[in-house]
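Summary of structural features
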Amino acid sequence: MGEKVLMKGAEAIAEAAIRAGCRHFFGYPITPQNEAPEYMARRLPEVGGSFTQAESEVAASNMLYGCAGAGKRVITTSSSPGISLMTEAISYIAGAELPCVIVNVVRGGPGLGDIAPAQGDYFQAVKGGGHGDYKTIVLAPSTIQENVDVMKNAFDLADKYRNPVIVLSDGLLGQMMEAIELPEMIDPASLPEKPWAANGMMGKRKKNVINSFEILPEELEKMNHRMMDKFVDIDKEVMVEEIGTEDAEYIFVAYGTVARIIKTVMKSMREKGHKVGLVRPITLWPFPTKVLSDLANKDSVKFFLDVELSFGQMLEDVKLSTSCKKPVKFYGRQGGVVPSSDELEDIMTRHINGEDVPTGGV
Amino acid sequence: MEQITHYPKPLSENPIPYCPGCPHGIIHRLVSEVIEEMDIMEKSIIVLPVGCSTLATNNTFNFDTMQAAHGRACAVATGAKRALPDRVVFTYQGDGDFASIGAAEMVHAAARGEKITSIMVNNGIYGMTGGQMSPCTLMGHKATTSPFGRNADTHGFPLKVCEMLSQLNGPAYIARTDATTIPGIKKTKKAIKKAFTAQMNGLGYSLVEVLSTCPTNWGMTPVDSIKRVKEETIKYYPTGEFKVVEGLE
């Protein structure tokens, strides 16, 4: 591994993208992720890359399409309302099967909401967001180090499957500073060729077309099926962290910032003799269905407690994965409010004691 | 027999996918002739957004093609050009795509002086969707969404793209021509060549607006359509060069 530095989350994401061989950034200012484009504006010229501040997220995401279509590793970073504007392009990017990375530093919503950490964009990221039958690979880091570590993975997965990858970060991860270890720099010239790219024939091949348009229903259906086969194939890329699930009776399910808080809760509750566990999906799509299904089938597991910074979006996938064989309880905070470890310990303890427990604060 | 003309290599010999009497085929050919004469086919990338030009995506041109979302061609071309500054990247858009839904993208590509070229085919109507009013539909003209004729009170006024963009610092070359007369066709070819030259010399953004017709949706014969351009369109949309940056001549 490379050097150890103290960095703000949003800047760390930007540097990690560069080290993953990305040399092109297109974006539009929005809080709480502005440090990423600001960093890119300074840093990309140093490594021979291009930084473009677009006129809108609509334009930025279509520039991403053009750059990815030309065969380059490319990234944009934005936050919830900006991602809503990008969903048109994300559908086209998925439809034209272009690899690129989109970082969503999620903030409170809906509408303008606020600029504090939230997880209300789970459905948008995981269930599509844009029009048509497509999927985006969604990675959900829970620390700044992990946010750095997943960037190479994000670009590799995007290239491997020719599919957009969303990194679902949040306002806490974007704004916090932590000591991190940066990976080694990858030379973009060392990356595999993209023979499908529309980067000029240059006397080497026949024309390439970057396209999601097919007027004949039977032909479009074939294209849909080919893409669906790919999505089924992507299922093998599931990443998940399990802690204490071997003997756990009560299992937390959480991702991102929340999961990190729960790790503190786990330690405290284990010391008090409670057999608690944690399932932390790192890929939100593909979802770790099998892990949760296997746990639901274990006699020792009494219930799951899903905790989110929303009214329960991942909750639906947890229920589907466990086929409701065990109770799936829920606790959520909204509006950018982040629960404390004491609060979550109290909620879990009351569930264990069989008390009536609220599903949220306020 | 002596062969005096030939199919330009950048244009495929597949049937042109447009309605009878549509000038798109002429303009496609002009673009292809310029690309062949400038010997830039191998490094050209065309961006085709949504509208009638979408039909050219797969089988019409013989060089690299990107299909873009409605109105987003200038953004897609910007992405491709920033990735590959030595390629010739251009968009081919209708007036609805370019001047309405793509207004933000074209203004800012022009303002940035993005080294791309746009060819905007202005026939004052949404052809692909069946003849709705476009940003360039002339006053009084009937369309399916202006059934009593375009009027200022309800619809406002047709947008003058060349006049607007020529006020900006970013563009290197801006011209309006027509594809409905022999001199117009010749001037269109010259303008496209100049626009590509501006791009290749790194001088900035270039635009050629080409006045065209839509016999199908105008509900006119091709001949009457051409007459209408001469008698009405050109009066509101005068042809000529609106901006030629120093060093391009």
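As a reminder, the structure under discussion sits directly above these lines.
Quick caveat: nothing in here was measured; it's all calculated off a predicted structure.

Now for the packing of helix α1 (residues 9-19) of chain A against helix α2 (residues 35-43) of chain A. Residue and element names in this part refer to chain A. Where α1 contacts α2, the two axes come as close as 7 Å, and the packing angle between them is 45°. If you check the angle between α1 and α2, you find them oblique. The two elements α1 and α2 meet at a crossing, and its hand is right-handed. Residues Ala-10, Glu-11, Ile-13, Ala-14, Glu-15 and Ile-18 of α1 pack against Glu-35, Ala-36, Tyr-39, Met-40 and Arg-43 of α2. Looking at side-chain class alone, the contact of α1 with α2 contains seven nonpolar, no polar and four charged residues.

All names here are of chain A. Of all five residues that make up strand β15 (residues 328-332), four are buried, and the element is covered over most of its length. Across five bridges, strand β14 (residues 303-308) lies against β15 in parallel orientation. Paired with Val-307 across the strands is Tyr-331, a residue of β15. Handedness of the crossover joining β14 and β15 through helix α11 (residues 314-322): right-handed.

Our next topic: the environment of Met-139 of chain B. Residue and element names in this part refer to chain B. Residue placement: Met-139 occurs in the loop between β6 (132-133) and α5 (152-155). Classification of Met-139 as partly exposed rests on a count of 15 C-beta atoms within 10 Å. What Met-139 contacts, discounting residues up to four positions off in sequence, is Arg-150, Ala-152 and Pro-158.

Another aspect to go through is the sheet that holds β14 of chain A. All names here are of chain A. Pairing is mixed in the open sheet, where five strands are placed in the order β10-β12-β11-β14-β15. Unpaired on one side and paired on the other, β10 (240-243) and β15 mark the two borders of the sheet. Between one strand axis and the next, the sheet turns by 20° as a mean value, whatever way the strands run. Pairing between strand β11 (residues 250-253) and strand β12 (residues 276-281): four bridges, direction parallel. Residue pairing in the sheet places Val-253 in a bridge with Val-279 of β12. Relative to the sheet, helix α9 (residues 256-271) contacts β10, β11, β12 and β14, its axis offset from that of β12 by approximately 165°.

Residues and elements named next belong to chain A. The buried count for strand β7 (residues 164-170) comes to seven of seven residues, which makes it a mostly enclosed element. Residues Pro-164, Ile-166, Leu-168 and Asp-170 line one face of β7 and the alternating positions Val-165, Val-167 and Ser-169 line the opposite face, and both faces are buried. One ladder, built from seven bridges, connects strand β5 (residues 100-106) with β7; its direction is parallel. Bridging from a neighbouring strand, Ile-102 pairs with Ile-166 of β7. In this view, the connection linking strand β6 (residues 137-139) to its parallel neighbour β7 by way of helix α6 (residues 144-161) has right-handed handedness.

Residues and elements named next belong to chain A. Taken together, the seven strands give an open sheet; going across it, the order is β3-β2-β4-β5-β7-β6-β13, and neighbouring strands pair in mixed fashion. Since the sheet does not close on itself, it has two edges, and those belong to β3 (50-53) and β13 (283-285), each with one partner. Taking each pair of neighbouring strands and ignoring which way they run, the sheet shows an average axis angle of 20°. Taken together, the four bridges between strand β2 (residues 24-27) and β3 define a ladder with parallel strand orientation. In the sheet register, Phe-25 faces β3, and the bridge partner there is Phe-51. Sheet strands touched by α1: β4 (74-78), β5 and β7. Its angle to β5, the strand with the most contacts, is close to 175°.

Bringing helix α7 (residues 182-200) of chain B into the picture now. All names here are of chain B. In this model α7 runs 27 Å from its N-terminal to its C-terminal C-alpha over 19 residues, within 8% of the 27 Å that 1.5 Å per residue would give. Every buried residue belonging to α7 is among Gly-184, Lys-187, Thr-188, Lys-189, Ala-191, Ile-192, Lys-194, Ala-195, Phe-196, Ala-198 and Gln-199, and all of these are buried. In the segment just after α7, Gly-202 is the residue with positive phi, at about 65°.

About the thresholds
Residues numbered from 1 in each chain as written. Chains lettered and ligands numbered in written order. Predicted model: local features only at pLDDT ≥ 70, side-chain atom pairs only at ≥ 80, totals over all residues. Axes fitted to C-alpha atoms, helices over the stretch in contact; angles between N-to-C directions. Helix = DSSP H or I, 4+ residues; strand = E, 2+ residues; numbered from the N terminus. Parallel < 35°, antiparallel > 145°, perpendicular 65-115°, else oblique. Left-handed = near helix turned anticlockwise from the far one by under 90°. Contact = placed C-beta atoms within 7 Å. Nonpolar A, V, L, I, M, F, W, Y, C, P; charged D, E, K, R; others polar. Buried ≥ 20, exposed ≤ 12 C-beta atoms within 10 Å, placed from the backbone. Pairing = 2+ DSSP bridges. Right-handed = clockwise from strand over helix to strand, strands pointing away. Expected span 1.5 Å × (residues − 1).

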